[in-house]
Amino acid sequence: MKLAALTSLKPPLEMSLMEVLDVIGSILEKGYVGECIEVDSKLNIVRGLELYWALEKLGVKYAPVGYGVCRASLEDLGFYDNVIGPQHRVYYSSLELAVKGLPTPMVKLRSFSAGDLRVWAKLEWFNPFSLSIKDRPAVHIVSSIARKADIEGKILADASSANFGIALAATALHYGAKARVYLPKRAGEHGRLVAELMGAETVKTEAELTVELLSRIYSDTKREGLIHVNQFMNDLNFEAHLRTTSKEIDYQARAAGLKLVGAAGPIGTSGHMSAINFYFRKRLKGPFKTIMAQPAPGEHIPGTRRSETGMIWLAMIAEDFKIVDVTLGEAVEAVRRVAKDDGILIGPSGGAALVALSKSIDFIGEGGDVVVIVPDTGFKYLDLIGKKS
Ligand code: PLP
């Protein structure tokens, strides 16, 4: 068996996430790859196309090349390399920082850890463009499109309440492209302003929810030749969290000797929580519980939606999870508690995740370490957090 750089191999055709999901699951479950990818003298793939695409979607560096049986551990494949950036933390561009400035930190919260349950906040505002988790899908989607086609001068369009639009604007400009962000009625003003500062066009609308804007974007795309990146249905969103967010938590938990028993986070597209649910169901031998926070009926928590408004990965991939209703008042109270006890200001959707976890202690069942995804910082929402609810 030889290990070849994955990028040197030439697949004859592309395969979708759904076509190789079982192979991805079995690699995560086993922790190694047991077969070779067969190639010809020009590195065209002759056999093992599913394995190639599974490895590509997992973001590994090397692939096992040869005939028949191979055995390569995740470490052999450079599985974790993409989430471990340079120690000196010097980057040649802000895009390189977004790609290599990983992992984002995990910090134990004094405010929510109790007894033998330790609560770790994964601080996603350490992503540089939108100061949020949404840099991850934006960077992965745009760089994947740019690998296949020249996008210079093109307009990349999508709906966003703030964070994804900012991340899309920033990523697009690195490729000489431009973003157009369709904003729902309640989008935060910072979402419009920052995206515009980064060169995006913004379109203010009267839509209640981002997903209601999809048909308008479809027709503008057809008429104007836009590229609709569609964070709501593009599997690259889910993949971004499989190859970075989930993998990082796995790497960080192993390195720090944590006993992961669950994760909690809010849902908007469901990209990050569906990926975390899939990844750890496969990867961990013991029980792993996933808790997802959604706004209670009639409530609005920035960046989140109710699951029945349609989330494809939640419907197709995630299993064995619990969705918990949270009010904005409860989320803000959790934000204030973290500020008071830990001295950090998390955003309301991170607060909602902590509330969902607190309401689900019985579901977690046993002691151990739980990761809570904190998608962004509370500094963006002082108008909400500052008000007495
Ligand atoms: N919280 C905030 C602040 C967000 O901006 C978003 C998404 O835009 C989410 C939560 C939900 O994340 P996801 O789309 O991965 O479900």
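Everything that follows concerns the structure shown earlier in this document.
Below or above, wherever it landed, is the structure these notes cover. Just so it is clear, the structure is predicted and the values come from calculations on it, not from any experiment.

Calculation notes
- Residues numbered from 1 in each chain as written.
- Predicted model: local features only at pLDDT ≥ 70, side-chain atom pairs only at ≥ 80, totals over all residues.
- Heavy atoms only, no water.
- Axes fitted to C-alpha atoms, helices over the stretch in contact; angles between N-to-C directions.
- Helix = DSSP H or I, 4+ residues; strand = E, 2+ residues; numbered from the N terminus.
- Parallel < 35°, antiparallel > 145°, perpendicular 65-115°, else oblique.
- Contact = heavy atoms within 4.5 Å.
- Nonpolar A, V, L, I, M, F, W, Y, C, P; charged D, E, K, R; others polar.
- Near = heavy atom within 4 Å.
- Polar contact = N/O pair within 3.5 Å; in protein donor to acceptor, adjacent residues only side chain to side chain.
- Areas by Shrake-Rupley, 256 points an atom, 1.4 Å probe, with all protein chains shown as cover.
- Expected span 1.5 Å × (residues − 1).
- Patch = residues over 30% accessible without salt bridge, like charges linked within 9 Å, V, L, I, M, F, W, Y side chains within 5 Å.
- Salt bridge = Lys/Arg side-chain N within 4 Å of Asp/Glu carboxyl O.
- Lys, Arg positive; Asp, Glu negative; His and termini not counted.
- Charge placed at Lys NZ, Arg CZ, Asp CG, Glu CD.
- Pairing = 2+ DSSP bridges.
- Disulfide = S-S within 2.5 Å.
- Core = buried A, V, L, I, M, F, W, Y, C linked by side-chain atoms within 4.5 Å.
- Buried < 20%, exposed > 50% of the residue type's maximum accessible area, 1.4 Å probe, protein only.

1. Let's talk about the packing of helix α11 (residues 328–342) against helix α12 (residues 348–358)
So, step 1. Remark: α11 packs on α12, axes separated minimally by 7 Å, with the N-to-C direction vectors making an angle of 95 degrees. Judged on the interaxial angle alone, α12 and α11 are roughly perpendicular. Contacts between α11 and α12 pair Leu328, Glu330, Ala331, Ala334, Val335 and Val338 from the former with Pro348, Gly351, Ala352, Leu354 and Val355 from the latter.
So, step 2. Classifying every residue of the contact of α11 with α12 gives nine nonpolar, one polar and one charged.

2. Considering the site of the ligand
So, step 1. Taken together, 15 residues form the shell around the ligand, and within it Lys134, Gly268, Thr269, His272 and Ser349 come nearest.
So, step 2. Here Ser270 contributes a backbone N or O atom positioned 2.8 Å from an oxygen atom of the ligand.
So, step 3. A distance of 2.7 Å separates an oxygen atom of the ligand from a polar atom in the side chain of His272.
So, step 4. For the ligand, the accessible surface in isolation is 390 Å², of which the surrounding protein chains cover 96%.
So, step 5. Its residues assigned to classes, the shell around the ligand shows five nonpolar, eight polar and two charged.

3. A look at α11
So, step 1. The terminal C-alpha atoms of α11 lie 21 Å apart, and with 15 residues this matches the ideal 21 Å at 1.5 Å per residue to within 8%.
So, step 2. Residue Gly343 follows α11 closely and has a positive phi angle near 70 degrees.

4. Comments concerning a negative patch on the surface
So, step 1. Negative charge collects at one region of the surface, where Glu19, Asp22, Glu35 and Glu50 lie side by side.
So, step 2. With respect to the helices, strands and loops of the structure, Asp22 is situated in helix α1 (residues 17–30).

5. Topic: the sheet that holds strand β7 (residues 106–108)
What holds strands together in a sheet is hydrogen bonding between their backbones, with the strands either parallel or antiparallel.
So, step 1. Sheet architecture is open: six strands sit in the order β7-β8-β16-β13-β14-β15, paired in mixed fashion. Because the sheet does not close on itself, it has two edges, and the strands there are β7 and β15 (321–326). With strand direction ignored, the average angle separating the axes of adjacent strands in the sheet is 25 degrees.
So, step 2. Pairing between strand β8 (residues 117–123) and strand β16 (residues 368–374): seven bridges, direction parallel. Bridge assignment links Lys122 to a residue of β16, and that residue is Ile373.

6. Description of the state of the cysteines
So, step 1. Applying the stated criterion across every chain yields a total of one disulfide.
So, step 2. In this model, Cys36 is linked to Cys70 through a disulfide, with the two sulfur atoms separated by 1.7 Å. Its S-S torsion of approximately 100 degrees makes the covalent link between Cys36 and Cys70 right-handed. Of this pair, Cys36 sits in the loop between β2 (32–35) and β3 (38–39) while Cys70 is found in strand β6 (residues 69–73), placing the two residues 34 residues apart along the sequence.

7. Structural notes on the nonpolar core
So, step 1. In terms of nonpolar packing, the biggest core is built from 56 residues, with Leu9, Ile24, Ile27, Ile37 and Leu55 touching the most fellow members.
So, step 2. For this core, the secondary-structure elements that each account for two or more residues are α1, α2 (49–58), β5 (62–65), α8 (235–256), β13 (260–266), α9 (271–283), α10 (312–316) and β16.
So, step 3. Setting aside anything within four residues of it in sequence, one finds Ile27 in contact with Tyr32, Val33, Leu51, Ala54, Leu55, Leu58 and Leu74.
So, step 4. Ranked by size, the runner-up nonpolar core spans 34 residues in total, among them Val261, Val332, Ala334 and Ala356.

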